[in-house]
Amino acid sequence: MKVLIVGAGIGGLATALSLHDAGIRDISIIEQVPELRPLGVGINLLPHAVRELTELGLGEELAGIGMATSRLTYTNRFGQEIWSEPRGLAAGYHWPQYSVHRGELQMLLLDAARDRLGADRVLLGLAAVSCDARTDATSVTVRDAAGADQVLTGDVVVAADGIHSALRKQRYPYEGAPVWNRLILWRGTAIAPAYLDGRTMIMAGDGMQKFVAYPLETPGPDGLARINFIAEYRAGDGDSGVSDWNRSVDPSRVIDMFADWRFDWLDVPALIAASDQVLEYPMVDRDPVDRWTWGTQTLLGDAAHAMYPIGSNGASQAILDARTIAHELATAGDVPTALTAYENARRPVTAALTLSNRSLGPERVMQLAYERAPHGFDDIEQVVPLAERQRIAAEYKQAAGFDPSLLNDRPSLSARPAADRAGR
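Residues numbered from 1 in each chain as written. Predicted model: local features only at pLDDT ≥ 70, side-chain atom pairs only at ≥ 80, totals over all residues. Heavy atoms only, no water.

(A) View of the packing of helix 2 (residues 47-55) against helix 9 (residues 314-331). Where helix 2 contacts helix 9, the two axes come as close as 8 Å, and the packing angle between them is 45°. The angle between helix 2 and helix 9 falls in the class oblique. When the axes of helix 2 and helix 9 are compared, the crossing they make is left-handed. Counted together, His48, Ala49, Glu52, Leu53 and Glu55 of helix 2 and Ser316, Gln317, Ile319, Leu320 and Arg323 of helix 9 form the full contact between these two elements. (Axes fitted to C-alpha atoms, helices over the stretch in contact; angles between N-to-C directions. Helix = DSSP H or I, 4+ residues; strand = E, 2+ residues; numbered from the N terminus. Parallel < 35°, antiparallel > 145°, perpendicular 65-115°, else oblique. Left-handed = near helix turned anticlockwise from the far one by under 90°. Contact = heavy atoms within 4.5 Å.)

What follows is the structure, encoded as structure tokens:
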């Protein structure tokens, strides 16, 4: 079986490694950029994604670049705690939760793919233009930097080419641009004093304005650590949004918006001021669609289900896609059956998550606290009772597939090819 994967991001690389692990070895990864570099800022990998990478034999490498998260804490814009819960091993999972630099994770997966598949299987500088429109076709037309086209063929095409997927656009030509929810994100990292226990992810604020921070490394002897942050602000009705995806902006603009966000345990404006660079993004997603698969072609990751960065699920869900599609291709009788099974397993889950994230997902506790006590509170129990907070947290874990008991007891997605199972 020959598989063409379009996109060498986290989803595409995880798919290649998962296929290789399942015994499918004829794999080519097509990537439009001429050079892959460790770009981006921090992301979170939840225990269900860490499990999958561990089962791919990357557990030690992941621990070497990731910071094991101990707790997740939600507060209001005054730093008052709304909800806090243990995370990873401390929460009873068999696998940790990691905060990691996105670029470092991508390079880890890229190095593993080149080592296991062969360096010549990662084809750089080729932009996917289209797939053959027939449902039984497996060809991808790609264009090099000089503008020359060529056609690559195989038995399976997996489009993991992101939120601006050319292959998704071919199937949904009138979909238009991603959906903006009027939130603007500013992302950055800074060397700054560690806060709380030095391993806690915090989210402060509400649906209008929010600040997220988590450490990417253990604090040094001086008490400093590299901390990733995301500042969010809801634009006014007259604001048309931002023009670029990764636009560098003057940090003073963001500092002014959070000037009075100084808590006993974290100085938000000082953290922003210490950043090397602040990048601006729109918070966007795409509407769920009713189909990912056309015969021997399918969508994966953000190309299939781009969602708001709420609940730390974007990269984790792409990794689950990767493991699921590899399992189905290795165990089903034919490619269309395998891709249909993959879609049936993953599309309903990710569609529900996309819509849940639009309703703030687990962060809904912050908005409830704001609506009921906009100027702060003396007792959170009188504002958002414990039972309500527990229910919101538990429902999201179940929807996203990382409820501790369900994840710990779920069978592995590792698979052997059908020929191996038959003893051949």
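(B) Representation of unusual backbone geometry in the model. The phi dihedral of Arg182 is positive, around 75°, even though this residue is not glycine. One can find Arg182 in strand 13 (residues 179-193). Unlike most non-glycine residues, Leu196 shows phi in positive territory, near 50°. Take Leu196: it is sitting in the loop between strand 13 and strand 14 (200-205).

(C) Layout of the sheet that holds strand 3 (residues 42-45). Taken in spatial order, the three strands of this open sheet run 3-7-4, and their pairing is antiparallel. Pairing within the sheet leaves two strands with one partner each, and these edge strands are strand 3 and strand 4 (67-68). Here strand 4 pairs with strand 7 (residues 98-101) via two bridges, running antiparallel. Looking at strand 7, one finds that Ala68 is bridged to Tyr98. (Pairing = 2+ DSSP bridges.)

(D) Geometry of empty space enclosed by the protein. If you walk through the whole model with that rule in mind, you get five cavities of 30 Å³ or more. Counted as a void, the largest cavity has a volume near 120 Å³. Elements represented by at least two residues in the lining of the largest cavity include exactly strand 5 (71-75), strand 6 (81-86) and helix 12 (386-400). Of the residues forming the lining of the largest cavity, the biggest block, five residues, is contributed by helix 12. (1 Å grid on protein atoms, 1.4 Å probe; cavity = no way out; pocket = protein on both sides within 12 Å on 5 of 7 lines; lining within 4 Å. Points joined across faces, edges and corners; volume = space filled by probe spheres on them.)

(E) Examining the packing of aromatic side chains more closely. The tally for this structure, following the rule as stated, stands at eight aromatic pairs. Considering the side-chain rings of Tyr195 and Trp265, the 6.3 Å spacing of their centres and the 45° angle between planes classify their relative orientation as tilted. Taken together, the residues Tyr195 in the loop between strand 13 and strand 14 and Trp265 in the loop between helix 6 (251-257) and helix 7 (268-273) connect sequence positions 70 residues apart. Counting every residue linked through ring pairs, the aromatic cluster contains Tyr195, Phe211, Phe229, Phe258, Trp261, Phe263 and Trp265. Over the ring of Tyr172 we find Arg168; its NZ or CZ atom is 5.8 Å from the centre of that ring. (Phe/Tyr/Trp six-rings, centres within 6.5 Å; stacked < 30°, edge-to-face > 60°. Lys NZ or Arg CZ within 6 Å of the ring centre and 35° of its normal.)

(F) Spatial organisation of the confidence of the model for the protein. For the protein, the average pLDDT comes to 92, and 94% of its residues sit at 70 or higher. When pLDDT is averaged over each helix and strand of the protein, the minimum, 48, is found for helix 14 (residues 418-421) and the maximum, 98, for helix 1 (residues 10-21). (pLDDT = per-residue confidence, 0-100.)

(G) Region of the structure containing the pattern of salt bridges. Taken as a whole and assessed by the stated rule, the structure comprises 25 salt bridges. A salt bridge links Arg77 to Asp206; the shortest N-O distance between them is 3.0 Å. With Arg77 in the loop between strand 5 and strand 6 and Asp206 in the loop between strand 14 and strand 15 (209-215), this residue pair connects regions lying 129 residues apart in the sequence. With a relative accessible area of 22%, Arg77 lands in the partly exposed category. Overall, Asp206 belongs to the buried group, its relative accessible area being 7%. Across the pair Lys397 and Glu85 runs a salt bridge whose closest N-O atoms are separated by 2.9 Å. (Salt bridge = Lys/Arg side-chain N within 4 Å of Asp/Glu carboxyl O. Buried < 20%, exposed > 50% of the residue type's maximum accessible area, 1.4 Å probe, protein only.)

(H) How the structure looks around the pairing of strand 14. Of all six residues in strand 14, six are buried; the element is thus mostly enclosed. Here strand 14 runs beside strand 15; their pairing, made up of four bridges, is antiparallel. When the sheet's bridge partners are listed, Ile202 is paired in strand 15 with Ala213.

(I) Looking closely at the side chain of Glu363. Along the chain, Glu363 turns up in the loop between helix 10 (335-358) and helix 11 (364-372). On the basis of relative accessible area, Glu363 is assigned to the buried category, the value being 4%. The contact partners of Glu363, leaving out residues within four places of it in the chain, are Tyr74, Met203, Lys210, Ile310 and Gly311.

(J) Looking closely at the sheet that holds strand 16 (residues 224-234). If you walk across this open sheet you meet the eight strands as 6-5-14-15-16-13-18-17, and the pairing is mixed. The sheet is open, and its two edges are formed by strand 6 and strand 17 (247-249), each paired on a single side. Strand-to-strand twist of the sheet, defined as the mean angle between neighbouring strand axes without regard to direction, takes the value 20°. The strands that helix 11 touches are strand 5, strand 6, strand 14 and strand 15; relative to strand 6, the one it contacts most, it runs at about 160°.

(K) Structural context of the environment of Gly42. Relative to the assigned elements, Gly42 resides in strand 3. You can call Gly42 buried: its relative accessible area is 2%. Measuring from C-alpha to C-alpha, the distance between Gly42 and Leu300 comes to 22 Å, with 258 residues separating the pair along the chain. With residues near it in sequence (within four places) discarded, Gly42 still touches Val100, His101, Arg102, Arg187, Tyr214, Leu216 and Asn228.

(L) View of helix 12. Taking 1.5 Å of rise per residue, 15 residues should cover 21 Å, and helix 12 covers 21 Å from first to last C-alpha, within 8% of that figure. By the burial criterion, the buried members of helix 12 are Glu388, Arg389, Ile392, Ala393, Tyr396, Lys397 and Ala400. Summarising the axial view, the buried residues of helix 12 lie within an arc of 165°, below the 170-degree limit, and thus occupy one face. In this fold, the buried residues of helix 12 make contact with helix 2, strand 6, helix 9, helix 10, helix 11 and helix 13 (404-409). (Expected span 1.5 Å × (residues − 1). Arc of directions from axis to C-beta.)

(M) Quick peek at the layout of surface pockets. Taken as a whole, the second largest pocket encloses approximately 300 Å³ of empty space. Lining the second largest pocket are 17 residues, with Leu320, Arg346, Ala400, Gly401 and Arg410 positioned closest to its centre. Breaking the lining of the second largest pocket down by element, the ones donating at least two residues are helix 9, helix 10, helix 12 and helix 13. Tallying contributions element by element places helix 9 first for the lining of the second largest pocket, with four residues.

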